[in-house]
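Notes for the structure review
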Amino acid sequence: MTCTLMGEAVQGITMCFLLLLFPSPSVGSLKERALRLMAEERVIDGHNDLPLQLRKQFGNMLSKIDLRSLPSTLTDITRMDQGYLGTQIWSAYTLCSTQNKDAVRLTLEQIDVIKRMCSQYDELELVTSSEGIERTKKISCLIAIEGGHAIDSSLGTLRMFYDLGVRAMALTHTCNTPWAESSSRLHSSFYNKTKGLKPFGEHVIREMNRLGMIVDLSHTSTFTAKHVLSITKAPVIFSHSSASSVCNHPRNVPDDILQLLKQNKGLIMVNLHSGFISCSSERGNVSSVADHFDHIKKIAGAESIGIGGDYDGADRFPEGLEDVSKYPALIEELLQRGWNETELAGVLRRNFLRVFRDVEMVSNRSHHLPDEKEIAHAEVKNPCRSVLKDPHDKVKTILNSQATNTPTAFFGFYLLLTTIFIILLSK
Ligand SMILES: [Zn+2]
């Protein structure tokens, strides 16, 4: 900044002096402005797969690692702090290949490791509400399930996950479930006839609305996403997806769904993984990521956007956004492109908080009882699924069959006697 000291010199000098002492919010380099804003509005990130790395690399043994410094992953507490991360939505994820096998147990173990991690380190705190995020001075942890195969088509299991603190669930990962279609065909052996959202899937959405669990549409097919958007009573999120119009990948969101998301007052938290950003062999850079933000803003408005890094869930990230310490570079780039600080406060955390509060409000206003719908065995087609029946049913079945057989037996006996009698008479 320069001050031309001409004419009313004294007034000019005073103004310069005051500005130096009390700089206006727009004063300073872009980096300083980004950091100042982020100190107030710390990032809420929609998706991080560190728990998956904890399982793969360390067998979930937290005693073997120091989460403050973990060089073999893209996430640790030191870098979270450098990146001004305020809240992380941690993914409780188990592979699609566990569907109809031990997906429920493995998901429980991932929830367990997230809970242990967030209670063992003073810098972290597990929260289960929007109020919890706003109250804590620590980095808050939210738990989200990635992939509906985790609930094994059971609303009772879904409710128990909620009771354990789960506050969001992606309906699918890269496999269909009996009730929802995935955007991916990586596991075509699973329910390849599922198209969009099936009737049991509607029950899942209504139960999530009733519970106050955020519906996450990342990884779902466009048919599933549109169907959910037409029936949900609460805003939904895409926790880690980017814009199809910028990078045409099935994991990204097309413009017509972005418009529906705007009407739903929901949120797309932009995925930073190179594969969904540049759609080429190029890694991309901060500018390629900002292109997605600009496009989504044009279609759905800045109030529909957040950040869902997908760190530790993917292998390549754009230059300048390599790990969780790098969020400030993105905010600096968006300032450079003319995004104002209100819009960026939304991107950083306020948009997600609004969505979460709305989801909680829909739940609080619901007067429905827990949904007792059970999926039909014919829809699941899983031979490992036990068919439990009341033992009295068995007794009844035997009695019924006896009752049904009695007249036949009696008639047979009567016929035999009559035949013998006629033979004797005829002799
Ligand atoms: Zn994912």
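So, how was this worked out
Residues numbered from 1 in each chain as written. Predicted model: local features only at pLDDT ≥ 70, side-chain atom pairs only at ≥ 80, totals over all residues. UniProt positions renumbered as here; feature names shortened; annotations may be inferred. Axes fitted to C-alpha atoms, helices over the stretch in contact; angles between N-to-C directions. Helix = DSSP H or I, 4+ residues; strand = E, 2+ residues; numbered from the N terminus. Left-handed = near helix turned anticlockwise from the far one by under 90°. Contact = placed C-beta atoms within 7 Å. Nonpolar A, V, L, I, M, F, W, Y, C, P; charged D, E, K, R; others polar. Buried ≥ 20, exposed ≤ 12 C-beta atoms within 10 Å, placed from the backbone. Pairing = 2+ DSSP bridges. Right-handed = clockwise from strand over helix to strand, strands pointing away.

The name given to the chain in an unreviewed UniProt entry is Dipeptidase, with Erpetoichthys calabaricus as the source organism. Within the UniProt record for the chain, the comment given under Catalytic activity (unreviewed entry) is "an L-aminoacyl-L-amino acid + H2O = 2 an L-alpha-amino acid".

Brief notes about the packing of helix 2 (residues 30-40) against helix 13 (residues 327-336)
At a minimum axis distance of 9 Å, the contact between helix 2 and helix 13 shows a crossing angle of 115°. Between helix 2 and helix 13 lies a crossing of right-handed hand. Judged by residue contacts, Leu 30, Lys 31, Arg 33, Ala 34, Leu 35, Leu 37 and Met 38 of helix 2 engage Pro 328, Ile 331, Glu 332, Leu 335 and Gln 336 from helix 13. Here the contact of helix 2 with helix 13 is built from residues that sort into eight nonpolar, one polar and three charged.

Points about the pairing of strand 1 (residues 43-48)
A large share of strand 1 lies buried, amounting to six of its six residues. Bridging between strand 1 and strand 2 (residues 85-93) involves four bridges; their strand directions are parallel. By the bridge assignment, Val 43 is partnered in strand 2 with Leu 85.

A look at the pairing of strand 4 (residues 139-146)
Within strand 4, seven of the eight residues are buried, which leaves it mostly tucked inside the rest of the structure. As judged from the seven bridges shared by strand 2 and strand 4, these two strands associate in the parallel manner. Looking at the pairing, Ala 92 lines up with Ile 145 of strand 4. In terms of strand pairing, strand 3 (residues 124-126) meets strand 4 through three bridges, oriented parallel. Note on strand 4: the bridge partner recorded for Leu 124 is Ile 139. In the classification by handedness, the crossover that spans strand 3, the intervening helix 6 (residues 130-135) and the parallel strand 4 is right-handed. For the crossover that starts at strand 4, traverses helix 7 (residues 155-163) and ends in the parallel strand 5 (residues 166-170), the hand is right-handed.

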